[in-house]
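The lines below spell out each chain.
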Amino acid sequence: MSDKLKAAGLTVAIVVVVVGAAAVLPMVQGQSTGTPEQPAELDTSQFEPDNALIEPGPESGQIEMSADAEPKTIVFDVGHDNDIERSEIAPLVDTLVANGHTVRFFDPRADPRVELNKSLSKADAFVTVNPRERFSASQRRGLRNFTDNGGRMMVMMDPASSGTSFGIFGFGGVASQSSSSATGVTSEYGVSTGTSELFNISADGRHYSRIATTGADGALGEGVDRVVMDDAVPVAVGGDATVAVRTAGEVTIESNRRSGRYPVAATNGNVSVVGDATFMQPDDAYVADNEVLIGNVADFLVSGEKIDENAPVKDSSGEGRRGPPRR
Amino acid sequence: MSRSTTSSGGSVYVLAVVVGLLASAVLAPVAFQATQPAEPDRVMVLTYDGGISGTQVDEAVDSLREARTNESIKGVVIEMNSPGGGVTASERLYKAVKHTSNELPVAVAIKAQAASGGYYGSIAADRIFTQPSAIVGSVGVFTSKDTTFPSSYVRSSPDKAQNRDETTRRTVEELQGTFVESVLKERGPNSDHQGTTLQVDRSEVELAHTYLGSRAVQNGFADELGGTPDATAWVAEQAGLDSYEVVRKDANPFGGFFILQTSEGTELVVKDDGVLRTTQTQYYALAPDRVPTIVASEYDGAGTAAASDDSDSESDEAAPSARDEAPALGGVDT
C-alpha cells in the first residue's frame, strides 16, 4: 500500500516539476523576437525605367549660311560687362569665320583707348549679348547712326543671371539687371525685352524653363519650325518692328503668371532683338531647328549694306576716354 | 511474500513515471501559454524631426520594420517635422511607410512642416493630420550645377565626374517626375486613398508650391487638421483597439540639414553628432527656405570632420524646434 502511495507521489512530483518548469520558462526566457519578414510587394511602378526615364532628343543638322555676301566684319560686344562666355557664342562665331567673315571683339579692358563708335565705323554688324552695363548716350547715338547707315545690329538678352553671387541658395530673388541695360538701345527701334523668364509646366518631361518657339515673319524666322530656348523672356514689339519668332504654344511669365503666346524675337529693319541667348550655345545648337535660327542670325548679320562705310560718324560731343560706368 | 511485493512495487513505480510524463506532456504547454506575459495592444508613435539623410532614414526604416513584425503593435503614427533632404533617402522613407501602411493603419501628424522629402515620407500614410499653420508640399527637386573639373587632374573621359548641364536638367526632370507620380499614385483622384484626394491638377503639383496646413486640407495635400493625439486615436480606431499603450520611437536623435553660411557663400551641410559634414547627396528633395542657417563664424568646429566638444549649445539653438505636443496619448485599460 505504501508503495502505491509512493508511486502516486512520484507521479505528482514529476508532473509538478515538468509543468512548473514549463510555466517558469517564459519568464526566464524573455520576449521572443519577431520573425524575419519577407520583402514587400509594393506597387511602385512609377520608378520603373520605362515610366521614369526621359530620352534625350536627337541633335543633328548643320549651321549653314545662305547669304551670298562679300566678306563682312562683325563686332561682338564684350565691353558692357556682358554675361556671356566665349564658348557660348562659339557656334555662331565659328560659322561666320568659316564663311569668310571677320569677327572682332569690342573689349575696352584690353585697350582703354578703344571706343565703340570707332570700332563700329570699321564694321558691318554689331552683336551684343546680355550687356549688364548701360550704353552711354554717345554710344547709343553712334549705334543709331550705324544702323541708319545700313549697319546690322543684333541684341540678345536672357534673364539668366545678373552676375551677383548668392551661393547655391539664392532665395533673395535674383532680379536680372541685364535686360534694362539694353532696352535703352532697343526701345528706339520699337522693341523691348522683358525681365522675367517664360516657363511651361507640362507633363512631357521637358524642363520647365525650356520652351518651344517657332518662326513667324521675316528672314530671321524663315525655316524655323521649332527652336528650343532655355531662358527666354518675352519681347514687346511696337512701331515698325515685326515679330520674327514667337512661342509655339501657351507659356507663362514667371513674375505675374500670365499665360499666352509671346514674341521672343523681333526685327526692325537693320536691328533684330532676341529674348534668349541659350539657343546658340553648343549644348543646344543642334537640337530641333536651333541650327537653322543660328544660320539665320549669321545671315542677318552679313546681309546689310552700309551706305556710309565709315558710319557712325565720330560724335561731335567727343566720346573721349571711356569713363566709369554710368547707370 | 516480500519478493512478489517488491516486484509489483517496481512496476508500480514504472507506471507512475509513465503516467506522470504523459500528464506533464498534456499540461506543460498549457502552463507555458498561461504564463506568457500578456502583450497589450500598442500604437507606435515614431517621431521624425529633421532633415532626411541616409542615416536618419535608416533609423526610421528600422522602427517601421519593428512595427510590422512585432505583433503587439497594431498601428503607427509618424510625427513628421521635416523640410526634406536627399532624394534617394526620401524614396526609401516613402517605400518603408508604404510597406507599413499595407499591413497596419498608418497616420502622419505634421507638426511644423512636411516639405519636399518630408512630404514624400508622408504621402503613403492612410491619413495625414496637420497643424493649421504647418507647411505642406514642395513637390520638387533641385541640384547644384556641376563645377568644372579641376585641370590639375587627368581623367579618363570628359564625362568622368562631370555632367553636361543638359544631363543634369534631364535628371532633375526625371526625379521630379517620379516624385509627382508618387504623390498622384498615393493621393490622386484615381488612387485608393480613403481621405481627401488631391483637388488640384498635375501641373499645380509640379509647381512645387508649399501650402499652409489649412490650405493643404482644402486641396487634398492633407486630410484633416489635427495633431498627434488625433492621429493616434484615429489609428487605434482603425485597428479596432479599445485600449492600447503608446510606444514612442525617435528616428533621429542627432543630425539634420542646415545651411552653412560662410564668407565665401552658402553650403548645405548635415549635422551629425554635433559635427557639420558636407552632404554626400547630389539631388535634393528639400525646401531650403525651411532649413535653419548656421553662420560659420559663430559656430565652433564648422566644416571640420573632427568631433567638436562645445557645439552642443549652438546645436540646441540651431536645431529645429523640439516636440511641441504633450505626450498625453491613448487610453490605457485600468
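Residues numbered from 1 in each chain as written. Chains lettered and ligands numbered in written order. Predicted model: local features only at pLDDT ≥ 70, side-chain atom pairs only at ≥ 80, totals over all residues. Heavy atoms only, no water.

This part covers the overall build of chain B. Tallying secondary structure elements over chain B gives nine helices and 15 strands in all. Here chain B, with 334 residues, has 48% of them falling under the buried criterion. Of the contacts formed within chain B by residues at least 6 apart in sequence, a portion of 73% connects residues at least 24 apart. (Helix = DSSP H or I, 4+ residues; strand = E, 2+ residues; numbered from the N terminus. Buried < 20%, exposed > 50% of the residue type's maximum accessible area, 1.4 Å probe, protein only. Contact = heavy atoms within 4.5 Å.)

What follows deals with the packing of aromatic side chains. Geometry of an aromatic ring pair is reported as the spacing of the ring centres plus the angle between the planes. For the structure shown, the criterion picks out 11 aromatic pairs over all chains. Ring geometry for B:Phe129 and B:Trp234: centres 6.4 Å apart, planes at 65°, overall edge-to-face. Linking B:Phe129 in strand S5 (residues 127–130) with B:Trp234 in helix H8 (residues 228–238), this pair joins segments that are 105 residues apart in sequence. As far as burial versus exposure is concerned, B:Phe129 and B:Trp234 are alike and both buried. Here the aromatic cluster, defined as three or more aromatic residues joined through ring pairs, consists of A:Phe47, B:Tyr94, B:Tyr120 and B:Phe179. Between the NZ or CZ atom of A:Arg152 and the centre of the ring of A:Phe300, over which it lies, the distance is 4.6 Å. In this structure, B:Lys95 is placed above the aromatic ring of A:Phe47, and the distance from its NZ or CZ to the ring centre is 5.1 Å. (Phe/Tyr/Trp six-rings, centres within 6.5 Å; stacked < 30°, edge-to-face > 60°. Lys NZ or Arg CZ within 6 Å of the ring centre and 35° of its normal.)

What follows concerns the side chain of A:Asn149. All names here are of chain A. Note on placement: Asn149 falls in the loop between helix H5 (137–148) and strand S4 (152–156). Judged by relative accessible area, Asn149 falls into the buried class, the value being 17%. Setting aside residues no more than four positions away along its own chain, Asn149 makes contact with Glu305, Lys306, Ile307, Asp308 and Ala311.

In this section: the interface of chain A and chain B. Between chain A and chain B, the residue contacts involve 52 residues of the former and 52 residues of the latter. When chain A packs against chain B, close to 4,300 Å² is buried across both sides, 65% of that on carbon and sulfur atoms. The tally of links between chain A and chain B comes to two salt bridges. A:Asp43 serves as the salt-bridge partner of B:Lys185, at 3.1 Å between the closest nitrogen and oxygen. In this structure, the connection of chain A to chain B is made through 10 residue pairs in polar contact (both at pLDDT 80 or more). (Buried area = accessible area lost by both parts, 1.4 Å probe. Salt bridge = Lys/Arg side-chain N within 4 Å of Asp/Glu carboxyl O. Polar contact = N/O pair within 3.5 Å; in protein donor to acceptor, adjacent residues only side chain to side chain.)

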